[in-house]
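In case you want the letters, here they are:
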Amino acid sequence: MTVTEAPRDVVEAPAGPAPSTPPTGLAAVVGSGDPRTVGKLFVGTSLLFLLMAGVVAVLVGFERVDLSGFEVVDSDVVRQLFTLQSTAAVFLGILPLLIGLATAVVPLQVGASTVAFPRASAAAYWTFLASGGVILAAYALDGGPFGNDGEAVALFVAAFIALLVALAVATVSVVTTVLTLRAPGMTLRRTPLFSWSMVVGGTVWLLTLPVLAAVMLLVYVDLRYGQQFLGGSDGVYDRIAWSFWQPTVYVFAVPALGIIADVVPVFARRRHHRHTTAMALIGLFGALAFGAWAQIGFSVDGQSDPTDWLYDGVWIAVGFLALVPVVGLLGLWAATLGRGRVRLGTPLILALFSGLLIGGGVAAGAVTVIEEANVLTTTWASGQELLMVLGTLVAAAAGLAFWAPKIYGKLLPDGLVRLGATLLTLGAGVAAVTYGIAGLYDQPRSIALDATAGVSEIDTVETLNLVAAVGLAVAVAGALAVAAALLAPKRGRAVADDPWEGHTLEWATTSPPPVGNFASLPGVTSEAPLYDARYAAASASASESAEASA
Amino acid sequence: MATTSADIEVFAGAPAAEPPRPRVLLVGAALASGAAAMLLLALVAVYTSMRADVIAGGERWLPEDANVQLSPGNMGMVTLLMSAVTVAWAVYSLRNDDRVHAYLAFGLSILLGIAYIPTVVYGWQQFGVGATSSTQALLIFTITGLHVAMAGVGLLFLAVMAFRALGGQLTGRAAEGAAAAALYWYVTVAVYGAVWYGITITK
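Residues numbered from 1 in each chain as written. Chains lettered and ligands numbered in written order. Predicted model: local features only at pLDDT ≥ 70, side-chain atom pairs only at ≥ 80, totals over all residues.

Engineer: Would you mind showing me how to read the confidence of the model for chain B here?
Structural biologist: Atomic detail in the predicted coordinates should be set aside for any region of low pLDDT. On average, residues of chain B score 90 in pLDDT, and 90% of them reach the 70 mark or higher. With a pTM of 0.92, the predicted complex shows an ipTM of 0.91. (pLDDT = per-residue confidence, 0-100.)

Rendered as structure tokens:
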């Protein structure tokens, strides 16, 4: 495969025959190791997978409207769709979306010419695409978790392992970029908060994804070699599901906090209040989000093993402690906005929506660890997962709107993005609240063959499920609007290099950036070098005019 | 050769050299090694937790006809420990521009790494039961097999760096690639320590 990438060192071309014409069209995309191209590919593909996951979630939601039977799809299919909605939303949607955004933006933020391993990032994208396609093909062949075709289920598991490896490789590239390729003067404490959140989140992903891959490897050999000690195809989802519970579900939201933290000060036209404290809080949230230990136990005979961590001290403590960094960050953002001169730009609105959803998700997680509430296995937990996943999606949309000039060379249409984000937030909120209330009526989280088992007030729950399904449909419409905004053509004049008056290095280059990203880098003496430069220039001009008038 | 004023004039307009890229391969290898270690350690954790549950229930963990011999496991551990020393020797020699010893140390490391694989295969042969005969056997074969794969990646990494050293691409001032390969190899050896203790010693 021909790979093109941004050169790290600018050297004079040697005399000799003229170089061959660089590839164009599809060849330029397929062979590209340019981080902006790879990042855009990750973002576009993951949004498609997210939309697919959203449609599946709506189908499952409407299936719950009548608990007495299966109306929309048959019972075999609905259980597989139930697993597809979460698996696709997180592993084919949210994670690659954040990785794509980071691959495109992080090198610019830290003043690097490219990512640390451009070829590895490109290879990770194509592996992600191929494994995502095989996962969907396996589902189509009746081979998702709970599937009846054993070969296809094994294919699903193998493709899922490949997907996890691809995501880990892309993460290594991004984290290494931040750790090693920062501009002169940019110490780790001066790192922009999105890049920092990728270091924190990426490190915890690299500790978590291999554990999931190891468990999937066991599932694969168990399926292939007939031991069935993990319960066959019916046991596959149990081995993935811990990724969607707290605390692991928080780990996917760590970069969302970084995006919000980068957007808020720019639109407050003020430094981030207590930048170092914000870094520590993001780090604490990431550390608390490591949850590979909180999964269903293993037993030789395939019987479900008691989960000794459940309602244990550590798990309860993590559930409550996770509130501390989130509340702390919300407080810092409120202080930043309160002391600044706020501009209500689209990225800020989206960031605030996202903070609201993620804060709600972590608060709902604190309730799940209360044993007396007994909501962990009910749709309360589904509502919490929705808040975390869609909160992160809205944060990613905020990031896309904010960094669109650098990634796409244009500003996204404000109206469409605001509409999309509002629908996403509204839909997510309605679905999460109604699922949460249905959970209080003991509606189980997973879809069983007898959906009414254990449910109190069936009519009320069915009504709540209808509202939740409509909420999910609204959220999908919102995601569609955000995706459409990315496809909107460029209008008017070329976008300015720094349309938001940004604080960090990515705004010191052109929109879109040239090959190599920067012609020259400003000196970095704080976490907001461009804010410093602008403030210093404003001070100088104010003192000059004062002198002139005197 | 002495620098003349004419030379200084020629280079006066040239841009300053960019600082060398710092430890990119080393940091990347550290992150990848950590992820690979988590993969293996998670499997060892599953093995030990299942074993503990069975023993707590008053039952025997390994089937009657299964036989985990100490010798192959111990030989594997000793071989890998020796290879860790020779890898450190290779990096040290390379950093000191002692190329002859660096080549010798790389060669020995790769030889010892390859020698580790037959110890595992011999352990499988002596195990007495097939991989699919029981859950315990399946776990043991999966864990040890995956570690062989991890060691294979490490050997490939070492071989590439050895060839780069032979080709003059790694020098005393630019031995980062060798250090990265060595780091991955140390993690491979350390992880085998957990596998060896969890499977061979505790049985």
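Engineer: Even after reading the chapter, I still don't get the packing of helix 5 (residues 135–166) of chain B against helix 6 (residues 176–201) of chain B, so can you show me in this structure?
Structural biologist: All names here are of chain B. With their axes 9 Å apart at the nearest point, helix 5 and helix 6 run at an angle of 160 degrees to one another. When the interaxial angle is binned, helix 5 and helix 6 end up roughly antiparallel. The handedness of the crossing between helix 5 and helix 6 comes out as left-handed. Across the interface between the two elements, Ile140, Ile143, Thr144, His147, Met150, Ala151, Gly154, Phe157, Leu158, Met161, Arg164 and Ala165 of helix 5 pack against Gly177, Ala178, Ala181, Tyr184, Trp185, Thr188, Val191, Tyr192, Val195 and Ile199 of helix 6. When its residues are assigned to classes, the contact of helix 5 with helix 6 shows 16 nonpolar, 5 polar and 1 charged. (Axes fitted to C-alpha atoms, helices over the stretch in contact; angles between N-to-C directions. Helix = DSSP H or I, 4+ residues; strand = E, 2+ residues; numbered from the N terminus. Parallel < 35°, antiparallel > 145°, perpendicular 65-115°, else oblique. Left-handed = near helix turned anticlockwise from the far one by under 90°. Contact = placed C-beta atoms within 7 Å. Nonpolar A, V, L, I, M, F, W, Y, C, P; charged D, E, K, R; others polar.)

Engineer: Would you take a moment to explain the interface of chain B and chain A for this structure?
Structural biologist: Listed as interface residues are 25 residues of chain B and, on the opposing side, 30 residues of chain A. Those elements that provide at least two residues to the side of chain B that touches chain A are helix 2 (24–56) and helix 5 of chain B. Top contributing element to the side of chain B that touches chain A by residue count: helix 2 of chain B, with 16 residues. The residue makeup of the side of chain B that touches chain A, split by class, is 15 nonpolar, 6 polar and 4 charged.

Engineer: Would you mind going over the nonpolar core with me for this structure?
Structural biologist: Soluble globular proteins tend to pack their nonpolar side chains together in the buried interior. Membership of the largest hydrophobic core comes to 251 residues, with the highest contact counts inside it found for Val157, Val394 and Ala397 of chain A together with Ala178 of chain B. Broken down by element, this core gets its largest block of residues, 22 residues, from helix 6 (residues 193–224) of chain A. Beyond its immediate stretch of four places on either side in the chain, Val157 of chain A contacts Met216, Val219, Tyr220, Leu223 and Val236 of chain A. (Core = buried A, V, L, I, M, F, W, Y, C linked by C-beta atoms within 7 Å. Buried ≥ 20, exposed ≤ 12 C-beta atoms within 10 Å, placed from the backbone.)

Engineer: Help me understand helix 5 of chain B in this model?
Structural biologist: Turn by turn, an α-helix covers 3.6 residues, leaving residues three or four places apart pointing in a common direction. Taking 1.5 Å of rise per residue, the 32 residues of helix 5 of chain B would be expected to cover 46 Å, and the 46 Å separating its terminal C-alpha atoms lies within 8% of that figure. Looking one or two residues beyond helix 5 of chain B, the residue adopting positive phi is Gly168 of chain B, at roughly 85 degrees. (Expected span 1.5 Å × (residues − 1).)

Engineer: Looking at this structure, I do not really get the confidence of the model for chain A. What am I missing?
Structural biologist: Taken as a whole, chain A shows an average pLDDT of 90; of its residues, 92% reach a score of 70 or greater. For the stretch residues 1–19 of chain A, pLDDT sits under 50, and the model shows 28 contacts to residues farther than four places along the chain or on other chains.

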